[in-house]
Structure formats: C-alpha cells, structure tokens
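# Architecture at a glance
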Amino acid sequence: MNAHFEYLLRIGDSTLILGQRLAEWCGHGPALEEDIALANIALDLVGQSRLILTHAGAVEGQGRDEDQLAFLRAEHQFRNATLVELPNGDFGHTMLKSFLFCTFLRELWAALERSTDAGLAAIAAKSSKEARYHVEHAGDWVIRLGDGTAESHGRMQRSLDDLWSYTTELFAANPTDEAVRHSGIGVGWSSLQPGWEVAVGRVLNEATLVVPAPSAFLSRGKFGVHSEHMGHLLAEMQYLQRAYPGATW
Amino acid sequence: MQTLSEADAWRVLDGVPDPEIPMISVCELGIVREVRVGTDGVAVVVTPTYSGCPATEMIAESIRAALKSAGAGGVSIETRLAPPWTTDWIDPAAARRLLACGIVPPGPREDAAAHPIRITPRALTCPRCGSTHTVRLAQFGSTACKALWRCEDCREPFEYFKPL
C-alpha cells in the first residue's frame with residue numbers, strides 16, 4: 001500500500017470509527033443535552049472522515065470514493081487506531097476514550113496544517129478548530145467524573161486502566177510514518193507524544209486520576225490487525241451498502 | 001440564456017437564509033466566498049462551516065434553487081476548504097440581529113496557545129435580561145455551532161454562537 005494513501009486512511013478511518021461509536025449514544029445519552037452533544041461531535045468526526053477519505057481515494061487513483069472506502073472495505077483493510085473501535089462502556093468510559101483520542105487528533109491536525117499536501121493541510125486547518133471543542137467537551141466530563149463521587153471516580157480510574165495501554169499504539173514508529181515525514185506530507189505520530197502527554201496529563205491530574213504504569217502490550221489496529229470488536233462494528237456500519245449495493249436516499 | 005449580472009447574483013444570494021439560523025443569510029454568515037458569472041451560468045464558491053454541519057447540502061440546494069428562479073442559466077457550486085470558515089466572517093449587522101433573536105453572537109476567538117483548554121467557560125450576558133449570572137448547560141446545543149446556556153436570574157435558556 002502506498003504510504004501517502006495508508007497515512008490518510010489511518011486518519012480518516014480513526015475519525016470514522018470514533019464517529020460511529022459516538023453515534024451509538026444517539027437516543028441513549030444520560031441527558032438530552034449530552035445526547036445532542038455526542039451526535040454533533042460524531043457528525044463532525046464523520047464529516048472530517050468524508051473529507052479525508054475522498055482525498056485518500058484521489059491519492060490512491062483507483063477511482064474509489066468516500067463511500068466505497070467506508071462501506072466496502074473489509075476489517076483488515078481498515079487502518080484506524082484500536083482505541084477508537086473499543087466498545088463504549090459507560091458514559092464516563094466513552095468520555096475518557098474520546099478525550100484521549102480527540103486530544104491526539106488536536107495535536108495531529110495542528111501539525112498537519114503545515115503538510116506539503118495542500119489538500120490535507122486544508123482539511124487539517126479546518127478540523128483543528130473543531131477538535132478544540134471536542135477536547136473541551138470530553139475533558140470537562142473527565143474532570144467532573146474523575147473528581148466527582150467515590151463511585152464516579154472509581155469507574156473513571158478503572159476506565160483509564162482499561163484504555164491506557166491502547167494509547168501506546170498511537171505513537172508506535174513505523175515505515176509509513178517515516179516515508180510521509182520524509183516527503184513532508186505528514187508527521188511521525190511518535191513526535192506528537194510529548195505534547196499529547198502534557199495535554200492529557202494536565203486534565204487527568206485535575207481529575208485526580210492516576211496514569212497506569214506502562215505495559216508491553218501493543219495493539220495494532222493502525223497496521224490492519226484489529227480487536228474482536230471491529231468486525232461487529234463494521235457489520236452494523238456497512239450493512240446497508242452490503243445488502244443494497246449503491247443504495248442512496 | 002444568462003441574464004444575471006454578478007451584482008444580481010449576490011443580491012439573490014443575500015436573500016437565501018441559513019436553514020438552521022434563518023434570521024441571517026448565507027452571505028451574512030460569510031460562507032459565500034466568490035461568485036462568478038459566465039456565459040453558461042453562475043458559479044458560487046462556498047466554504048463549509050463545521051465538517052459535520054448537516055445543513056451544508058441543504059444550503060447548496062437553496063442557492064441553486066434561488067439563482068435558477070432568478071434567471072440563472074446554470075448554477076455550479078464549488079466547495080473551498082482553505083482558508084477555513086471562521087465566525088469572524090459573520091456580518092456585524094447580522095450578529096446584532098442574532099442577539100435580538102436571543103442568540104449571543106460569537107465573541108473573539110481565543111488564542112489556542114494562551115488557553116490550551118478551557119474547562120470553566122467565561123460568563124456571558126443574558127440576551128433577554130442583561131444579567132451576567134449565566135451558566136453553560138451544554139457545549140453543543142441545537143446545532144453544532146451553538147452552545148446552550150441558561151440565565152440564573154430570569155431563568156430563560158439562550159444560545160451562544162461559539163467562536164470558531
């Protein structure tokens with residue numbers, strides 16, 4: 001797979017799958033306001049995916065559009081980070097997952113505003129501004145629940161213990177990153193780790209949550225090796241286009 | 001047969017309301033960036049607001065319909081991402097109209113470096129009673145671009161068009 005195309009898929013697939021997970025809250029939010037907020041954030045993420053996947057299709061040059069890339073690829077062809085495909089758990093768990101990944105996205109978009117790929121730079125400049133609100137929203141809840149009651153604090157700490165080991169994958173070095181960094185199209189995700197750790201640490205600290213000790217576990221979603229949850233997510237997300245190819249409304 | 005001038009086209013577009021905030025037009029919102037009139041019709045360059053804004057397609061349809069009914073031979077709509085849309089492009093007169101309708105217009109954008117993350121939002125002035133005793137209920141309101149607030153004195157909810 002061409003490094004430029006693969007790099008774009010990692011971004012577009014991650015925003016798409018996180019958007020899909022957040023959209024699962026639609027009609028199930030703990031309060032009407034949160035239901036609406038999660039749907040709005042999901043729409044932004046899916047909107048960013050549409051832009052990135054459309055651009056990725058053009059870069060690939062095989063005539064695939066955003067819909068074909070989103071709905072007609074198999075699990076091993078997706079390049080999203082494993083973190084975003086994990087099941088939602090309770091509301092706090094979703095907020096923490098969203099906070100960890102949206103903070104990463106914010107760092108990534110900011111760096112990609114300087115991409116030599118003008119199309120990617122334009123999408124990044126736009127998404128960067130939206131990401132700020134996503135981080136604020138999720139960070140607000142992480143603090144409220146982490147520094148909340150004994151029950152909410154305990155749940156948030158267990159969620160952090162569950163999710164933390166999946167963040168190692170985000171910063172794992174690989175030849176694709178090296179190739180796009182060399183051509184100026186992208187940045188190596190590992191270079192975003194220091195900024196991410198500061199931004200995440202500040203909020204977790206305020207939330208009175210303790211960062212777990214590092215582990216040797218390395219998930220590999222962005223390399224195309226997914227968790228057992230991904231197939232179920234795709235079955236739901238892709239059902240309509242699989243059952244009725246080319247359906248529109 | 002193309003009968004519209006460029007100035008005509010702008011006038012027509014200034015009559016196309018935003019579908020979700022109908023008290024302001026798509027021009028006042030600042031999303032119409034360029035209008036070109038040629039022999040085969042009118043080309044309109046539009047910059048989308050939020051990536052997830054569900055009104056984007058409806059806006060394109062409204063623009064197309066308005067220009068066609070005003071006599072445009074053909075209408076093409078082009079999306080331009082860079083530079084990204086900002087609330088700084090909202091017309092000041094339109095911003096005052098928003099306030100009159102109970103929507104607090106966007107304040108200045110914050111310097112991202114100076115405020116990496118804001119957990120406690122600044123207080124807004126209630127558009128109904130003028131009190132600054134207000135609280136944010138939700139970062140995302142009836143649309144992605146607005147937050148939901150409440151005045152603690154008059155107890156009325158109101159919306160805030162977030163700076164972007």
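Residues numbered from 1 in each chain as written. Chains lettered and ligands numbered in written order. Predicted model: local features only at pLDDT ≥ 70, side-chain atom pairs only at ≥ 80, totals over all residues.

A separate point is the overall build of chain B. For chain B, the count of helices and strands is 4 helices and 7 strands. When the helices and strands of chain B are listed from N to C terminus, the series reads α-α-β-β-α-β-α-β-β-β-β. C-alpha atoms of chain B, sized along the principal axes, occupy 60 × 35 × 25 Å. Looking at chain B residue by residue over its 164 residues, the buried ones come to 33%. Across chain B, the fraction of contacts at a sequence separation of at least 24, relative to all contacts at a separation of at least 6, is 55%. (Helix = DSSP H or I, 4+ residues; strand = E, 2+ residues; numbered from the N terminus. Buried ≥ 20, exposed ≤ 12 C-beta atoms within 10 Å, placed from the backbone. Contact = placed C-beta atoms within 7 Å.)

Counting from both sides, the interface comprises 28 residues of chain A and, opposite them, 20 residues of chain B. In terms of residue count, helix α6 (residues 118-146) of chain A provides more of the side of chain A that touches chain B than any other element does, 15 residues in total.

Residue and element names in this part refer to chain B. Relative to each other, helix α1 (residues 6-13) and helix α3 (residues 56-69) sit at 130°, their axes nearing to 10 Å. Put simply, α1 runs oblique to α3. In this structure, α1 meets α3 at a crossing whose hand is right-handed. Residues Ala9, Val12 and Leu13 of α1 touch α3, and the partners they reach there are Ile63, Ala66 and Leu67. Class assignment of the residues belonging to the contact of α1 with α3 gives a composition of 6 nonpolar, no polar and no charged. (Axes fitted to C-alpha atoms, helices over the stretch in contact; angles between N-to-C directions. Parallel < 35°, antiparallel > 145°, perpendicular 65-115°, else oblique. Left-handed = near helix turned anticlockwise from the far one by under 90°. Nonpolar A, V, L, I, M, F, W, Y, C, P; charged D, E, K, R; others polar.)

What follows covers the nonpolar core. Phe99, Phe101, Phe104 and Val142 of chain A are the most contacted members of the largest nonpolar core, which has 102 residues in total. Top contributing element to this core by residue count: helix α2 (residues 32-60) of chain A, with 12 residues. Each of domain 1 (6-85) and domain 2 (91-161) of chain B contributes no fewer than three residues to this core. Phenylalanine 104 of chain A has contacts with Leu170, Leu192 and Trp196 of chain A, leaving out every residue within four places of it along the chain. (Core = buried A, V, L, I, M, F, W, Y, C linked by C-beta atoms within 7 Å. Domains from an automatic or database assignment.)

This paragraph deals with the pairing of strand β6 (residues 146-151) of chain B. The side chains of a regular strand alternate, residue by residue, between the two faces of the sheet. Residues and elements named next belong to chain B. When strand β5 (residues 134-138) meets β6, the two strands line up antiparallel, connected through 4 bridges. Among the inter-strand pairings, threonine 134 is bridged to a residue of β6, identified as cysteine 151. Bridging between β6 and strand β7 (residues 157-161) involves 5 bridges; their strand directions are antiparallel. In the strand pairing of β7, arginine 150 is matched with proline 157. Between β6 and the antiparallel strand that follows it, β7, lie 5 residues; arginine 155 among them carries a positive phi value of about 65°. (Pairing = 2+ DSSP bridges.)

Residues and elements named next belong to chain B. As judged from the 6 bridges shared by strand β1 (residues 32-38) and strand β2 (residues 41-46), these two strands associate in the antiparallel manner. Opposite glycine 38, over in β2, you have glycine 41 as the bridge partner. In this antiparallel pair of consecutive strands, β1 and β2, the connection spans 2 residues. In the sheet, β2 pairs with strand β3 (residues 75-79) via 5 bridges, with the strands oriented parallel. Bridge pairing in β3 links valine 46 to threonine 79. Between the parallel elements β2 and β3, the chain passes through α3 in a crossover that is right-handed. (Right-handed = clockwise from strand over helix to strand, strands pointing away.)

Moving on, we come to the packing of helix α1 (residues 3-23) of chain A against helix α8 (residues 175-183) of chain A. Residues and elements named next belong to chain A. The geometry of α1 relative to α8 is characterised by a closest axis approach of 9 Å and an angle of 110° between their N-to-C directions. When the axis of α1 is compared with that of α8, the two are roughly perpendicular. Contact residues: Ala3, His4, Glu6 and Tyr7 in α1; Thr176, Ala179 and Val180 in α8. Considered class by class, the residues forming the contact of α1 with α8 number 4 nonpolar, 2 polar and 1 charged.

Moving on, we get to the domain arrangement of chain B. All names here are of chain B. Each assigned domain of chain B is listed with its residue range as follows: domain 1 (6-85) and domain 2 (91-161). Relative placement of domain 1 and domain 2: their C-alpha centres are 27 Å apart. For the side of domain 1 that touches domain 2, the per-class residue count stands at 4 nonpolar, 2 polar and 2 charged.

Residue and element names in this part refer to chain B. Residues with a pLDDT of 70 or more make up 91% of chain B, whose mean pLDDT is 89. Per-element mean pLDDT across chain B ranges from 90 in β5 up to 96 in helix α2 (residues 26-29). Across the whole predicted complex the pTM is 0.93, and at the interface the ipTM reaches 0.86. (pLDDT = per-residue confidence, 0-100.)

As a further point, take the sheet that holds strand β4 (residues 103-104) of chain B. If you walk across this open sheet you meet the 4 strands as β4-β7-β6-β5 (chain B), and the pairing is mixed. Whereas interior strands pair on both sides, the edge strands pair on one side only; in this sheet they are β4 and β5 of chain B.

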